[in-house]
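So you can see what is in the structure, the chains are spelled out below.
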Amino acid sequence: MDQTMHQLEICASDYEIVRQVVAQLHDTAADEHQIDRIAADLGLTQRQLTDIFRRWAGLTPKAFSHCITLDRARKMLKADVPIFDASLELGLSSPARLYDLFVTHEAMPPGLYKAKGEGLEIRFGFHPSPFGQALLMVTDYGLAGLAFADAGQEQSALEDMQSRWPKATYIQNDAETGHWADRIFLPHQWQQDQPIRVAMIGTDFEVRVWQTLLKIKPGEANSYGAIAEEVCSPKAARAVGAAVGRNPISFVVPCHRVIGKNAALTGYHWGLTRKKAMLGWEAGQLQGGAG
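Please read all numbers here as calculations on a predicted model, not as lab measurements.

(A) Structural context of the overall build of the chain. Check the secondary structure of the chain and you find 13 helices and 8 strands. By the burial criterion, 49% of the 291 residues in the chain qualify as buried. Within the chain, contacts between residues at least 6 apart in sequence are counted, and of these 68% link residues at least 24 apart.

(B) Examining the side chain of Thr177 more closely. Relative to the assigned elements, Thr177 resides in helix H9 (residues 174-185). A relative accessible area of 0% means that Thr177 is categorised as buried. Not counting residues up to four positions away in its chain, the partners in contact with Thr177 are Arg123, Phe124, Gly125, His127, Leu136 and Val138.

(C) Representation of the environment of Met108 in the model. With respect to the helices and strands, Met108 occurs in the loop between strand E1 (103-107) and helix H7 (110-114). Note on Met108: relative accessible area 5%, which makes it buried. As a C-alpha pair, Met108 and Asp204 span 96 residues in sequence and 9.9 Å in three-dimensional space.

(D) The arrangement of the confidence of the model for the chain in detail. Overall, the predicted model of the chain reaches an average pLDDT of 78, with 73% of residues at or above 70. Per-residue pLDDT, averaged within each element of the chain, yields its smallest value for helix H5 (residues 70-78) (49) and its largest for strand E5 (residues 169-172) (97). Predicted confidence is poor over residues 86-101, with pLDDT under 50, and the contacts of this stretch with residues over four places away or in other chains come to 44 contacts.

Parameters at a glance
Residues numbered from 1 in each chain as written. Predicted model: local features only at pLDDT ≥ 70, side-chain atom pairs only at ≥ 80, totals over all residues. Heavy atoms only, no water. Helix = DSSP H or I, 4+ residues; strand = E, 2+ residues; numbered from the N terminus. Buried < 20%, exposed > 50% of the residue type's maximum accessible area, 1.4 Å probe, protein only. Contact = heavy atoms within 4.5 Å. pLDDT = per-residue confidence, 0-100.

What follows is the structure, given as structure tokens:
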């Protein structure tokens, strides 16, 4: 088995445990977390759970809980402190350099969106990722779709994505999409001089919002209102929220870094627990210094 694919399969397997823990961590204050009890509920020892977290995110469950706690996000926003800087205040070790998911992007011709993808060929495939099964969709223009599916929900995720461009031609090509999965989910393959090419297919307004999302770096966050101002529609926070929810390229176009009023971690199309996990995973990469 290819080594990189094996790495992603381990991450995907770990995530099934991590997702349950993330939900529990958010139900209680960070100083009340009992990692040994959580581990026991999952039939694991505390050391086993810690090993899984280190493998998945590069830090311990306790440090992870600090990275994703809502209270920290609220304090950060009120003090105008980036999430990354707040993680340092929590006592995490000094971060090494992290390569971002460097991307270059272009908006597809408006006529193609209006034609619901007619004449467009989209290759797709499912692959393991740190956040469960990932569905990738690529075109000759670049990455057009990235979604996530819980176990047994792969077909629903595929139908959800296909409904966005119902007249496109869909062809399963796991070999092609597998290369994209490696470049997206394996931090050591994040290369500034080899950017991931993204093809945005949506309305003019949606594309403007998605382009703005690309400016939010790992360890940072932005609000719907701030994005509305940036796209010159300061009163359109609700419309921005709808556009963020319609983002077809999850994770790479980082809609998970958008927060609501008072720094609330609002809903996420692929599950709020997955959104929390993404933020924590990124904080772990920042601490560990990927790249």
